[in-house]
Amino acid sequence: MLPQDRAVLDELFLLTLSHVCMVLNVSEDLLGAANDLLARIAAGEDWDEATLEGELRGIAKIAKTCED
C-alpha cells in the first residue's frame with residue numbers, strides 16, 4: 001500500500017485496518033464512565049482495578065488483556 005493511500009484510509013478509522021477489534025456490551029448508564037476509563041487506560045494513566053465495580057471492572061480487565 002502506498003503511503004498516500006494509507007494516509008487517506010487512516011482518516012476513515014476503518015475497523016478492517018485494525019489488528020484487533022474488541023466489542024463490548026456496556027449498559028447505557030455506564031457508557032460515559034466506560035469511555036473515560038478506556039481513554040485513561042489508552043493514555044497510560046494509572047488506575048486501580050480494585051476501585052472499580054461490576055461492568056467497569058470487566059472492561060478494565062479486558063483492556064488490560066489487550067495491552068499485554
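Residues numbered from 1 in each chain as written. Predicted model: local features only at pLDDT ≥ 70, side-chain atom pairs only at ≥ 80, totals over all residues. Heavy atoms only, no water.

Participant: Describe the environment of Arg57, and please don't skip the residues or the numbers.
Facilitator: Along the chain, Arg57 falls in helix H3 (residues 54-67). For the pair Arg57 and Leu17, spaced 40 residues apart in sequence, the C-alpha to C-alpha distance is 28 Å. Apart from the residues lying within four places of it in its own chain, the contact partners of Arg57 are Glu49, Ala50 and Leu52. Polar contacts involving the side chain of Arg57 include one to the main-chain carbonyl oxygen of Ala50, which spans 3.1 Å. In terms of polar contacts, Arg57 uses its side chain to reach the backbone carbonyl oxygen of Leu52, at 3.0 Å. (Helix = DSSP H or I, 4+ residues; strand = E, 2+ residues; numbered from the N terminus. Contact = heavy atoms within 4.5 Å. Polar contact = N/O pair within 3.5 Å; in protein donor to acceptor, adjacent residues only side chain to side chain.)

Participant: Can you explain H3? Please cite residues and give values.
Facilitator: Here H3 is 14 residues long and its end C-alpha atoms lie 21 Å apart, about the 20 Å a rise of 1.5 Å per residue gives. Turning to H3, its buried residues number three or more, namely Leu56, Ile59, Ala60 and Ala63. Looking down the long axis of H3, one finds its buried residues gathered within 100° of arc, a one-sided arrangement. Of the residues in H3, the exposed ones pointing more than 90 degrees away from the buried face are Gly54 and Thr65. On its buried side, H3 packs onto helix H2 (31-42). (Expected span 1.5 Å × (residues − 1). Buried < 20%, exposed > 50% of the residue type's maximum accessible area, 1.4 Å probe, protein only. Arc of directions from axis to C-beta.)

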